[in-house]
Amino acid sequence: MNPFDENPRKMDDTFMDWTALYAQPYNKHSVDPYTRTRVILMNGTEFEANWFSHQFSRHCADNELRRQVALLRRGEQQQQKLISMLKPADETILEHTIGYEQLAVDLTAGLAQMVGDQYVKKALDFALLEDFDHLYRYADLLDMEAGVQAENLVGRYTEIMPGRPTIAHHRHPYDSIKKPIGKNADPMTKLAVGIITAAEQQTMNYYMNVCGFYPSELGRKLYQEIGMIEEQHVSQYGSLMDVSETWLECLLMHQYTECYLYWSCAQTETCPVMRGVWQRLFEQEITHLHIAAQLLRDYENKDWQQVIPNPEFPAPLQLKENIGYVRNILRSTVYDTGVRENWENVSALRPDFEFFAYQDIVNHDVAAVPSHMVIDRYIAQNGQDYRWETDRNPIAELQDRRRDNTTVGRQANRVPSGVR
């Protein structure tokens, strides 16, 4: 599939009236978990498109160009409004959050297995274990407060057990900044960086907004803490993006990425109704892509081939079960932490490294760390934590269901058990 070979419609023909804009939400009781996660993914993709467009306009002095960007943005806004309404009103904040974290796990694992750049793969694998642990923390809160078992929401496609403990995720801001990819990166790597940045940004935004609306104090605290980690993830992934692109080149790449994602959704969706939604939005996005290509030609005298020389889409992005892959990454990298542009086993760090100083500031009272409090309180009430595992956790220190481990990946004096 080469989206530049597709025939675009007129932009005015892509605008929707209110009836078309308000699509039928999915049924939370019967929806396929990956339909839910596709909705979250594409909502985040449109958020990224909108906010990039606003930033573009705020850094541009040419009002005619800004009008063309505003025209595209109106279409993106309509797409985002449609997608946001696919979430049913009876799906709670925390139930929807389980979808966010399942998406983070299986999207990250899927992209890590598709990229050609090993540095980008390492970045994906690193944050994967953190989102995996977030799923576990939220799942325990969900069962404790609502009596809902997250294994049913994730369809038993994604395990629910400790990853790198959330308390260990808090790193100095310097260690979230990584090396950007360049113009010669392979197409899938470019797509992966844009996709994961948008997805993690959406998660960060969601937690930032719902934190104050959550009804329990413990839940508010957990969203506050994990929201801070999502900011670190957005910083990491955003720093990977190609910094040499012009605004118009970046606009074209955004539209190309959206086309690829809508096409992937239409190719892999199991619900016929939802497949029709994705196909319709893909056709609209083709129009946006061609407009972006024309703007690049008009304002920078560049053809789209100079930005995207290999336009054929890779294989469609498929959200699916990745249990074996996640277990392997957990087994091999659970003790890693960020170290400037790279990652290292925490036991190899100097005692004066900023990671430990930052940990001493934010986590000096372990008992007050919300992600630990949730599991501690669940164990106090039930005798052991809530998990859904296909086998015992591959890390010996994380197998005890009667105690929340707060040292793995955090304390330098810990020696990994068979990790390396």
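Bear in mind the structure is a predicted one, so any value in this text is a computation, not a measurement. (Residues numbered from 1 in each chain as written. Predicted model: local features only at pLDDT ≥ 70, side-chain atom pairs only at ≥ 80, totals over all residues. Heavy atoms only, no water.)

1. Re the pairing of strand 1 (residues 336-339)
The two faces of strand 1 match: Asp-336 and Gly-338 on one face and Thr-337 and Val-339 on the other face are all buried. Here strand 1 runs beside strand 2 (residues 342-345); their pairing, made up of four bridges, is antiparallel. By the bridge assignment for strand 2, Val-339 is matched with Asn-342. Taking the residues that link successive antiparallel strands as the turn, the strand 1-strand 2 hairpin has two residues, and the phi of Arg-340 there is positive, at about 50°. (Buried < 20%, exposed > 50% of the residue type's maximum accessible area, 1.4 Å probe, protein only. Helix = DSSP H or I, 4+ residues; strand = E, 2+ residues; numbered from the N terminus. Pairing = 2+ DSSP bridges.)

2. What to know about a negative patch on the surface
The grouping of Asp-5, Glu-6, Glu-283 and Glu-312 at the surface amounts to a negative patch. One can find Asp-5 in the segment before helix 1 (18-21). By relative accessible area, which is 56% here, Asp-5 ends up exposed. (Patch = residues over 30% accessible without salt bridge, like charges linked within 9 Å, V, L, I, M, F, W, Y side chains within 5 Å. Areas by Shrake-Rupley, 256 points an atom, 1.4 Å probe, with all protein chains shown as cover. Salt bridge = Lys/Arg side-chain N within 4 Å of Asp/Glu carboxyl O. Lys, Arg positive; Asp, Glu negative; His and termini not counted. Charge placed at Lys NZ, Arg CZ, Asp CG, Glu CD.)

3. What about the packing of aromatic side chains?
Enumeration over the complete set of coordinates arrives at 21 aromatic pairs. Taking the centre distance of 6.3 Å and the plane angle of 15° together, the rings of Phe-4 and Tyr-256 count as stacked. Linking Phe-4 in the segment before helix 1 with Tyr-256 in helix 9 (residues 247-268), this pair joins segments that are 252 residues apart in sequence. Residue class for Phe-4 comes out buried when judged on its relative accessible area of 10%. Of the residues examined, Tyr-256 reaches a relative accessible area of 1% and is grouped as buried. When the ring of Phe-56 is compared with that of Trp-247, the centres are 5.4 Å apart and the planes differ by 20°; the resulting orientation is stacked. Of the two residues, Phe-56 sits in helix 2 (residues 33-58) while Trp-247 sits in helix 9, which places them 191 residues apart along the sequence. (Phe/Tyr/Trp six-rings, centres within 6.5 Å; stacked < 30°, edge-to-face > 60°.)

4. Some points on the pattern of salt bridges
For the coordinates displayed, the defined rule picks out 24 salt bridges. Salt-bridge contacts for Glu-64 lead to Arg-67; the nearest nitrogen and oxygen are separated by 3.5 Å. Of this pair, Glu-64 and Arg-67 both sit in helix 3 (residues 63-84), three residues apart, which is roughly one turn of the helix. Relative accessible area serves as the criterion here: at 40%, Glu-64 is assigned to the partly exposed category. Connected through shared salt-bridge partners, Lys-183, Glu-249, Glu-300 and Lys-302 make up one network.

5. Re helix 7 (residues 187-210)
The terminal C-alpha atoms of helix 7 lie 35 Å apart, and with 24 residues this matches the ideal 34 Å at 1.5 Å per residue to within 8%. The buried fraction of helix 7 is high, at 21 of 24 residues. For helix 7, the N-terminal cap is Asp-186; the gap from its side-chain oxygen to the backbone nitrogen of Met-188 is 3.2 Å. (Expected span 1.5 Å × (residues − 1). Polar contact = N/O pair within 3.5 Å; in protein donor to acceptor, adjacent residues only side chain to side chain.)

6. Looking at the side chain of Gln-78
Tracing the sequence through the fold places Gln-78 in helix 3. Its relative accessible area of 15% is what places Gln-78 among the buried residues. A polar side-chain atom of Gln-78 sits 2.7 Å from the main-chain amide nitrogen of Met-16. With near-sequence residues (within four places) excluded, Gln-78 lies in contact with Thr-14, Phe-15, Met-16 and Leu-21. (Contact = heavy atoms within 4.5 Å.)

7. Remarks on the packing of helix 3 against helix 10 (residues 272-300)
Each packed pair of helices is defined by two parameters, the angle between the axes and the distance between the axes. Interaxial distance between helix 3 and helix 10 falls to 11 Å at its minimum, and their mutual angle equals 165°. As far as their axial angle goes, helix 10 and helix 3 are roughly antiparallel. Where helix 3 crosses over helix 10, the two elements pack in a sense that is left-handed. For the pair helix 3 and helix 10, the contacting residues are Glu-64, Leu-65, Gln-68, Leu-72, Gly-75, Glu-76, Gln-79, Leu-82 and Ile-83 in the first and Val-277, Trp-278, Arg-280, Leu-281, Gln-284, Glu-285, His-288, Ile-291, Leu-295 and Tyr-299 in the second. Broken down by class, the residue content of the contact of helix 3 with helix 10 amounts to 10 nonpolar, five polar and four charged. (Axes fitted to C-alpha atoms, helices over the stretch in contact; angles between N-to-C directions. Parallel < 35°, antiparallel > 145°, perpendicular 65-115°, else oblique. Left-handed = near helix turned anticlockwise from the far one by under 90°. Nonpolar A, V, L, I, M, F, W, Y, C, P; charged D, E, K, R; others polar.)

8. Considering the side chain of Thr-257
Position of Thr-257 relative to the elements: it lies in helix 9. By relative accessible area, which is 9% here, Thr-257 ends up buried. Sequence-distant contacts of Thr-257, defined by excluding residues within four places in its chain, comprise Leu-191 and Ile-195.

9. Considering the nonpolar core
The biggest cluster of nonpolar side chains holds 127 residues, and the ones touching the most others in it are Leu-107, Leu-252 and Trp-278. At 16 residues, helix 5 (residues 118-146) tops the list of elements feeding residues into this core. Leu-107 has contacts with Leu-41, Gln-102, Ile-195, Ile-196, Ala-199, Leu-317 and Leu-319, leaving out every residue within four places of it along the chain. (Core = buried A, V, L, I, M, F, W, Y, C linked by side-chain atoms within 4.5 Å.)

10. Let's talk about the packing of helix 5 against helix 11 (residues 323-333)
Following both chains from N to C, one finds helix 5 and helix 11 inclined at 100°, their axes separated by 10 Å at the closest point. If you check the angle between helix 5 and helix 11, you find them roughly perpendicular. Here Lys-121, Lys-122, Asp-125, Leu-128, Leu-129 and Phe-132 of helix 5 lie close against helix 11, whose contacting residues are Tyr-325, Val-326, Ile-329, Leu-330 and Thr-333. By residue class, the composition of the contact of helix 5 with helix 11 is seven nonpolar, one polar and three charged.

11. Structural notes on the confidence of the model for the protein
Summarising the model, the protein shows a mean pLDDT of 96, and 98% of its residues fall at 70 or more. Per-residue pLDDT stays below 50 along residues 415-420; that stretch engages in 16 contacts with residues further than four places along the chain or on separate chains. (pLDDT = per-residue confidence, 0-100.)

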